[in-house]
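# Structural description and commentary
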Amino acid sequence: MHELSLAIPIGEYVLQESQGRNVEEIVLKVGRLSGIVPEALDLALQVVLQASCAEKACITYEWQDGEGQCRFCHTRFSMKDVLDVCPDCGQMGAKILAGTQIRLIGLRFAPRLDTSPEETHTTQMTINNS
Amino acid sequence: MCATCGCGNDAEHVGIEGQELTAQHEHAFWTEGSSRPTNQEGGGHDHKTLEIDVLSVNNQNAQKNRQAFHAHGITAIQVLSSPGSGKTTLLEHTVGRLQKDQITMGVLVGDQRTDQDAERLRQAGCEAKQITTGSVCHLDAHMVAHAAQHLSSWPDILFIENVGNLICPALFDLGEDARVVLLSVTEGEDKPVKYADMFVTADLVLVTKVDLLPYLDVSWERFYQVIQEVNPGAKILPISVKTGEGMGEWIAWLLWQKERARLTHPLSTH
């Protein structure tokens, strides 16, 4: 359940970047070699974000293939799994060059409610009077 | 205030030696929650594009650990395996062997509960600090930093014995110079394929308890072949602390790691 350890920094960034606005969607770009199980990360984020402005946010995963280099013939190739074989020589165990990353790439917010000019004025008056 | 990362204070170190586990200590996010003030200024965009590397916090902490280890002349070796593969037993038997070569060792050992392993290692003659992780299934670089600063002296080789688990610890860099993964022969030769994420990151794979091979339906050659397929870059050694087989090669590998770290990161003058 290492997903909880990832959900914690994701949650921190989401709250920091949303600045209290209601978050509807959290978009993550996840490498296929990262070992992430989306169901587990969803659950962990649910725990981390409960009672926050992002508690109802859905999580969208953009999966990205990894890249490896064969240790025998040095061919570079796209990988979906750490045990993918080299397309040229058929050997396993390529050196992993990319695909273990987990990036928070964006947030989508709920539409902002319009604040009427009167309300704003009242608030400012209150501040000035205090 | 913690000298390592600025979080929490000295009384709140993460589950070190009987202290309460407070892994989420005092990061502002946890105490402020959603009641953080709202910034009403700025545009009304419904999207915000970010490009944040989620693992960067751990990776930065790991890098700080690595630099601190090198600055103190410490070679850090992470030891990983499933529970019961013989990590602690191997380290117990390593203490005396390294002493013969005038090499001191220390151990930071992670377990979900109890400080039994740290106590065993202290009995064996080296300094050991237990990290109890509670519900967390792996060590991260932050926990390691907290535990390391409680060491009374800097060892030549610092072993970081992770929680017994073949899945989660693979993802987290702790600041080590090299990774050793243990696989005991009774676990079966299929594990490197089933838990490939762990084995592909290994610098050395130790096949432990090889004295039991005569009682099993699998050969050393088969273990070697499977591990080699999964990670052709790893060194693979058979070992048994009971018979002493492979102990010499293990010590030689450690000394080579020590030498490699010394040449790659010469000690600064302080």
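Our subject is the structure listed above.
Residues numbered from 1 in each chain as written. Chains lettered and ligands numbered in written order. Predicted model: local features only at pLDDT ≥ 70, side-chain atom pairs only at ≥ 80, totals over all residues. Heavy atoms only, no water.

### Points about the pattern of salt bridges
All names here are of chain A. The test is simple: Should a side-chain nitrogen of Lys or Arg be within 4 Å of a carboxyl oxygen of Asp or Glu, the pair is scored as a salt bridge. Comment: elements are numbered from the N terminus, with helices defined as DSSP H or I runs of at least four residues and strands as E runs of at least two. Note on exposure labels: buried denotes an accessible area under 20% of the residue type's maximum, exposed denotes more than 50%, and partly exposed covers the range between, all computed with a 1.4 Å probe on protein chains only.
With the rule as written, the count across this model stands at 16 salt bridges over all chains. The partner of D65 in a salt bridge is R32, with the nearest N and O atoms 2.8 Å apart. Here the residue D65 occupies a position in the loop between strand 2 (58-64) and strand 3 (66-69), and R32 occupies one in the loop between strand 1 (23-31) and helix 2 (38-49), the gap between them amounting to 33 residues. In this structure D65 comes out as partly exposed when scored by relative accessible area, which is 31%. A salt bridge links R76 to E67; the shortest N-O distance between them is 3.4 Å. Given a relative accessible area of 55%, R76 falls into the exposed group.

### Concerning the side chain of D140 of chain B
Residues and elements named next belong to chain B. Stated formally: Residues scored as positive are Lys and Arg, those scored as negative are Asp and Glu, and His as well as the terminal groups of each chain are ignored. A 3.5 Å cut-off defines polar contacts: any pair of N or O atoms within that distance qualifies, except that in protein one atom must be a possible hydrogen donor and the other a possible acceptor, and neighbouring residues in sequence count only when both atoms are side-chain atoms. Contacts are assigned to residue pairs with any non-hydrogen atoms lying within 4.5 Å of each other.
Mapped onto the elements of the fold, D140 is located in the loop between strand 4 (127-132) and helix 5 (141-148). Despite being buried, D140 has no salt bridge partner; K64 is the closest side chain of opposite charge, sitting 12 Å away. Within polar-contact distance, the side chain of D140 engages the backbone nitrogen of M143 at 3.0 Å. In this view, D140 contacts N58, F172 and L174; residues no more than four positions away in its chain are not counted.

### Re the packing of helix 1 (residues 3-18) of chain A against helix 2 of chain A
Residues and elements named next belong to chain A. Worth spelling out the cut-off: Axis definition: a line fitted to C-alpha atoms, over the contacting stretch in the case of helices. Angles run 0 to 180 degrees between N-to-C directions. Should an angle fall under 35 degrees it is called roughly parallel, over 145 degrees roughly antiparallel, and 65 to 115 degrees roughly perpendicular, with every other angle called oblique. Here is the rule for handedness: rotate from the far helix to the near one, and if that takes an anticlockwise turn smaller than a right angle the crossing is left-handed, while a clockwise turn gives right-handed.
Two elements in contact, helix 1 and helix 2, have axes separated by 8 Å at closest approach and are oriented at 50 degrees. By the angle between their axes, helix 1 is oblique relative to helix 2. Read as a crossing pair, helix 1 and helix 2 show a hand that is right-handed. Mapping the contact onto sequence places E3, L4, L6, A7, I8, I10, G11 and L15 in helix 1 and A40, L41, A44, L45, V48 and L49 in helix 2.

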